[in-house]
Amino acid sequence: MQIKKSALFLITLFFLSEIHAQNFNYIIGIKLFPEIATLNGYFGRIAFGGGAYFIRYFPKYELSLETGLYILDKGSGGKKSIQGTGSIDLIGELRYAKHYYFIGIPILLRTHRNIFYSSFGGSLEYYLSQKFVNSETIFNESDYHKLNFSININGGINVPLNQQINLSVEGRFTYNLIPLHKDLNQKFMNFGIGIGGNYNF
């Protein structure tokens, strides 16, 4: 009985996804990004971003173009040792985090197959601000590359709730091509998931 219910559920999802492909050419939605933010793949910490997106769908080719406007949290984090005053003995560890906030506009090519999709492209990103928790910086913001560009690779599922409303879950990977600081070869790399909802019209 459980197998039959599962099969019926999957068939329903595929049927609804085919209806979407035939009748709707545009999608608008919102998305949240729980991610791990790293610097060159090291010193990871939890990060959150998100925003709104727009998709132009081309049903004949099972392709679409995606763009949007997102607030992005990049940087690094970890633990650092605390030493006693005038002593080499360690007295504990302290978690630190470095946040660098960007606004991003992606341009992605998406391929679709029923409820599944994958996307690849780039994102133009502009530096907004920084925030440090139990940490500090010796650099001036005037030495930062304010305009950056990242590679984006995503893949996930778009689950229909009805003919027009969907929930989406995807795996995400982004890698900045330009270092933040002009004199350091340190590039941001984030990976995680994107969770959102969208509307077909």
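Cut-offs and rules
- Residues numbered from 1 in each chain as written.
- Predicted model: local features only at pLDDT ≥ 70, side-chain atom pairs only at ≥ 80, totals over all residues.
- Heavy atoms only, no water.
- Helix = DSSP H or I, 4+ residues; strand = E, 2+ residues; numbered from the N terminus.
- Buried < 20%, exposed > 50% of the residue type's maximum accessible area, 1.4 Å probe, protein only.
- Contact = heavy atoms within 4.5 Å.
- Areas by Shrake-Rupley, 256 points an atom, 1.4 Å probe, with all protein chains shown as cover.
- Phe/Tyr/Trp six-rings, centres within 6.5 Å; stacked < 30°, edge-to-face > 60°.
- Core = buried A, V, L, I, M, F, W, Y, C linked by side-chain atoms within 4.5 Å.
- Patch = residues over 30% accessible without salt bridge, like charges linked within 9 Å, V, L, I, M, F, W, Y side chains within 5 Å.
- Salt bridge = Lys/Arg side-chain N within 4 Å of Asp/Glu carboxyl O.
- Pairing = 2+ DSSP bridges.

A. Broad picture of the overall build of the chain. The secondary structure content of the chain amounts to one helix and eight strands. Its helices and strands in sequence order give the chain the pattern α-β-β-β-β-β-β-β-β, from N to C terminus. Buried residues in the chain amount to 38% of all 201 residues. By sequence separation, contacts in the chain at least 24 residues apart represent 63% of the contacts at least 6 residues apart. For the chain, the accessible area works out to roughly 11,600 Å², and carbon and sulfur atoms hold 65% of it.

B. Expanded view of the packing of aromatic side chains. Per the stated rule, a full pass over the model turns up 11 aromatic pairs. Here the aromatic rings of phenylalanine 102 and phenylalanine 188 are separated by 6.0 Å at their centres, their planes lie at 70°, and the arrangement is edge-to-face. Here phenylalanine 102, found in strand 4 (residues 90–113), pairs with phenylalanine 188, found in strand 8 (residues 188–200); they are 86 residues apart in sequence, far enough to count as distant. Phenylalanine 188 carries the same exposure label as phenylalanine 102, and that label is buried. For the ring pair tyrosine 127 and tyrosine 144, a centre distance of 5.3 Å and an interplane angle of 85° mean the geometry is edge-to-face. Within this pair, whereas tyrosine 127 is found in strand 5 (residues 116–133), its partner tyrosine 144 is found in the loop between strand 5 and strand 6 (147–160), the two being separated by 17 residues in sequence.

C. The nonpolar core, seen in detail. By size, the foremost hydrophobic cluster in this structure holds 13 residues, and its most contacted members are Tyr100, Phe102, Tyr127, Leu180 and Phe188. The element contributing the most residues to this core is strand 1 (residues 26–39), with three residues. When sequence neighbours within four positions are dropped, the list of residues in contact with leucine 180 reads Tyr100, Phe102, Tyr127, Asp143, Tyr144, His145, Gln186 and Phe188.

D. The arrangement of unusual backbone geometry in detail. Despite not being glycine, phenylalanine 43 shows a phi value in the positive range, around 55°. For phenylalanine 43, a relative accessible area of 52% corresponds to the exposed category. The backbone phi angle of asparagine 114 is positive, close to 55°, even though this residue is not glycine. Residue placement: asparagine 114 occurs in the loop between strand 4 and strand 5.

E. Main features of a nonpolar patch on the surface. A contiguous nonpolar patch, built from Leu69, Ile71, Ile105, Leu124, Tyr126, Leu128, Leu147, Phe149 and Leu177 and spanning about 800 Å² of accessible area, is present on the exposed surface. Sorting the residues of the nonpolar patch by element identifies strand 3 (63–83), strand 5 and strand 6 as the ones contributing at least two each. Of the residues forming the nonpolar patch, the biggest block, three residues, is contributed by strand 5. Taking relative accessible area as the criterion, tyrosine 126 reaches 43% and is therefore assigned partly exposed.

F. Quick peek at the pairing of strand 8. Pairing of strand 1 with strand 8 involves 11 bridges; the strand directions are antiparallel. When the sheet's bridge partners are listed, glycine 29 is paired in strand 8 with asparagine 198.

G. Local environment of the environment of glycine 156. Along the chain, glycine 156 turns up in strand 6. C-alpha separation for the pair glycine 156 and serine 119, spaced 37 residues apart in sequence, amounts to 9.0 Å. Among residues more than four places away in sequence, those in contact with glycine 156 are Ile115, Phe116, Tyr117, Val169 and Glu170.

Keep in mind these values describe shape, not function.
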